[in-house]
Amino acid sequence: MRGFLELRGLLKRFPNGTLAVDGVDLDVAEGELVALLGPSGCGKTTTLRCIAGFEDPDGGSITLAGTRLDVLPPNRRGATMVFQGYALFPHLTVFENVGYGLRVRRVSGAALRERVERALALVGLAGFSGRRPQQLSGGQQQRVALARALILEPALLLFDEPLSNLDAQLREQLRLELRALHRRVGITSVYVTHDQAEAMTLADRIAVMDRGRIAQIGTPREIYDEPASRFVADFVGRANFVRGTIRSAGPDGVVVEVLGVARLAAAAAPLAVGTVTDVMLRPEDIAVTTVGAPGTLAATIRRASFLGAAVVYQLRCGGAELIASAALERGAALPADGSAVGLRLRDGALRAFPADQSLATSAAGTG
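Please read these numbers as outputs of a predicted model, since none were measured by experiment.

Undergrad: Could you clarify how one ought to interpret the side chain of histidine 182 in this entry?
TA: Here histidine 182 is to be found in helix 5 (residues 168-185). Of note is the side chain of histidine 182, whose polar atom sits 3.3 Å from the backbone oxygen of glycine 31. Leaving out residues up to four positions away in the same chain, histidine 182 has contacts with Gly31, Glu32, Leu33, Ile187, Ser189 and Asp204.

Undergrad: Explain the nonpolar core to me, please; I cannot follow it from the model alone.
TA: One recurring pattern in soluble globular proteins is that nonpolar side chains are buried together. Judged by nonpolar contacts, the single largest core of 47 residues is most densely connected at Val98, Leu146, Leu157, Ile206 and Val236. For this core, the leading source of residues is helix 4 (residues 138-150), giving six residues. Of all hydrophobic cores here, the second largest spans 28 residues; its members include Leu259, Leu271, Ile301 and Leu350.

Undergrad: Would you take a moment to explain the state of the cysteines for this structure?
TA: Should the sulfur atoms of two cysteines be covalently bonded, the bond is a disulfide. Tallied over the entire structure, the rule returns zero disulfides. The closest cysteine sulfur to the non-disulfide-bonded cysteine 50 is located on cysteine 42, 13 Å from its own sulfur.

Undergrad: Please clarify how the pairing of strand 8 (residues 188-193) should be interpreted in this entry.
TA: Regular strands show a simple pattern: their side chains alternate between the two faces of the sheet. Counting buried positions along strand 8 gives six out of six residues, so the element sits mostly inside the fold. Of the two faces of strand 8, the one carrying Thr188, Val190 and Val192 and the one carrying Ser189, Tyr191 and Thr193 are both buried. As defined by bridge partners, strand 3 (residues 33-37) adjoins strand 8 across five bridges and the pair is classed as parallel. Its bridge partner being in strand 8, valine 34 is matched across the sheet by valine 190. Strand direction decides the pairing type here: strand 7 (residues 156-160) and strand 8, joined by five bridges, are parallel. Residue pairing for strand 8: aspartate 160 is matched across the bridge by valine 192. Taken together, strand 7, helix 5 and strand 8 constitute a β-α-β crossover, and its handedness is right-handed.

Undergrad: For this particular structure, what's the right way to read helix 1 (residues 44-52)?
TA: With seven of its nine residues buried, helix 1 lies for the most part within the structure. Of the residues trailing helix 1, glycine 53 is marked for its positive phi of about 100°.

Undergrad: Got a minute to help me understand the side chain of lysine 44 in this structure?
TA: Topologically, lysine 44 is positioned in helix 1. It turns out lysine 44 is buried and unbridged, and the closest side chain with the opposite charge, glutamate 161, is 4.6 Å from it. Reaching out from lysine 44, the side chain makes a polar contact with the backbone oxygen of glycine 38 at a distance of 3.0 Å. The residues touching lysine 44, leaving out its near neighbours within four places in the chain, are Leu36, Leu37, Gly38, Pro39, Glu161, Val192, Thr193, His194 and Met209.

Undergrad: Could you clarify how one ought to interpret unusual backbone geometry in this entry?
TA: Residues apart from glycine generally show negative phi values, whereas peptide bonds are mostly found in trans. Even without being a glycine, glutamate 153 presents a positive backbone phi close to 50°. Of note, arginine 211 is a non-glycine position whose phi angle comes to about 55°, a positive value. Tracing the sequence through the fold places arginine 211 in the loop between strand 9 (205-210) and strand 10 (213-218). Look at arginine 211 and you get exposed, because its relative accessible area is 67%.

Undergrad: What exactly am I supposed to notice about the environment of alanine 310 here?
TA: Locating alanine 310 in the fold gives a position in the loop between strand 16 (297-306) and strand 17 (311-317). Take alanine 310: its relative accessible area is 23%, and that puts it in the partly exposed class. Between the C-alpha atom of alanine 310 and that of glutamate 284, which follows or precedes it by 26 residues, the distance is 9.8 Å. Those residues in contact with alanine 310, other than ones at most four positions away along the chain, are Ser305, Ala326 and Ala327.

Undergrad: Honestly, the pairing of strand 19 (residues 340-345) in this entry has me stumped. Any pointers?
TA: One ladder, built from four bridges, connects strand 15 (residues 286-289) with strand 19; its direction is antiparallel. Pairing of alanine 287 across the sheet is with arginine 344, part of strand 19. Taken together, the four bridges between strand 16 and strand 19 define a ladder with antiparallel strand orientation. Paired with alanine 298 across the strands is glycine 342, a residue of strand 19.

Undergrad: Looking at this model, I keep getting lost on the packing of helix 2 (residues 94-104) against helix 4. Mind explaining?
TA: Helix-helix packing: each pair is described by the crossing angle between the helix axes and the interaxial distance. Relative to each other, helix 2 and helix 4 sit at 30°, their axes nearing to 7 Å. With respect to each other, helix 2 and helix 4 are oriented roughly parallel. Considering how the two elements wind past one another, helix 2 and helix 4 form a crossing that is right-handed. Contacts between helix 2 and helix 4 involve Val94, Asn97 and Val98 on the former and, on the latter, Val144, Ala147 and Arg148. A class-by-class count of the residues in the contact of helix 2 with helix 4 yields four nonpolar, one polar and one charged.

Definitions and limits used
Residues numbered from 1 in each chain as written. Predicted model: local features only at pLDDT ≥ 70, side-chain atom pairs only at ≥ 80, totals over all residues. Heavy atoms only, no water. Helix = DSSP H or I, 4+ residues; strand = E, 2+ residues; numbered from the N terminus. Polar contact = N/O pair within 3.5 Å; in protein donor to acceptor, adjacent residues only side chain to side chain. Contact = heavy atoms within 4.5 Å. Core = buried A, V, L, I, M, F, W, Y, C linked by side-chain atoms within 4.5 Å. Buried < 20%, exposed > 50% of the residue type's maximum accessible area, 1.4 Å probe, protein only. Disulfide = S-S within 2.5 Å. Pairing = 2+ DSSP bridges. Right-handed = clockwise from strand over helix to strand, strands pointing away. Lys, Arg positive; Asp, Glu negative; His and termini not counted. Salt bridge = Lys/Arg side-chain N within 4 Å of Asp/Glu carboxyl O. Axes fitted to C-alpha atoms, helices over the stretch in contact; angles between N-to-C directions. Parallel < 35°, antiparallel > 145°, perpendicular 65-115°, else oblique. Left-handed = near helix turned anticlockwise from the far one by under 90°. Nonpolar A, V, L, I, M, F, W, Y, C, P; charged D, E, K, R; others polar.

Below, the structure written as structure tokens:
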């Protein structure tokens, strides 16, 4: 598809020779929120800074609504950035901070007051206009920064890990508020984060980045259920990887011998019969049940940890270390470490990737 925002072959090389952004192509539809997700150093923030005009790309193009942005200075791009640090003026009130950009544009009087009050109401800060930043919580300061960006009515809103300085509970609350706000205002947005839960909650689509490139782009469900590579599978969510061997291939997938049994799996890439493969299983796709039950695999519990909403089991099965998760019935006792159990693999849950020879024979990723 073609996008309202289009990146074509974007390149950025740092003076030390590091290729930070390596030929990125990206289309963002009008009104869509796309998250750039990846580990530190993957190029996501550099990509965002190129869009904003804070970095000059070494190649490629950036277009917004048919206009080339990469040839324009930052203040003429129609884009506004919400930063990780709130960047509020400590000596100004909330009203003055939010209205600062409009004053620069020569907006004053009743028009200024109306727009500031509307922006503050939009972010849940009506009645806070007379306070100063030091009188606000971190979450409230971030709302002020967001109101300051929204009041300019930008064509494009850019977020650089805006919630990373907040505690976990407040981050969870604000990302839900941000999602609801985006649905109301509908501004085309690019959101940079290393937090997969944040990306899954906020984004219409997620672009997972690795070493300066987009490894996969898709809806949160597509990224989680149908990862295109072992890297994506391991980074987004928690995943078990076990070595297997392809025994047959057909239109419905491949049959892979794994953990001593043959199972149907989806293949992320063409895999020939006899190929050694890394087989992915999500922890929630492994059911822990009674030892010896029909159709189960024999396993031993190394540790069971109660985490409130779920129990996480560390297991050993056929020489492989696995992690499984499941709800625990209220009042039920945790199984003892060392207990023998049976494992049942959910039908259709396996996904096979070309084997990464640099990694161990079996592993449980933490995502």
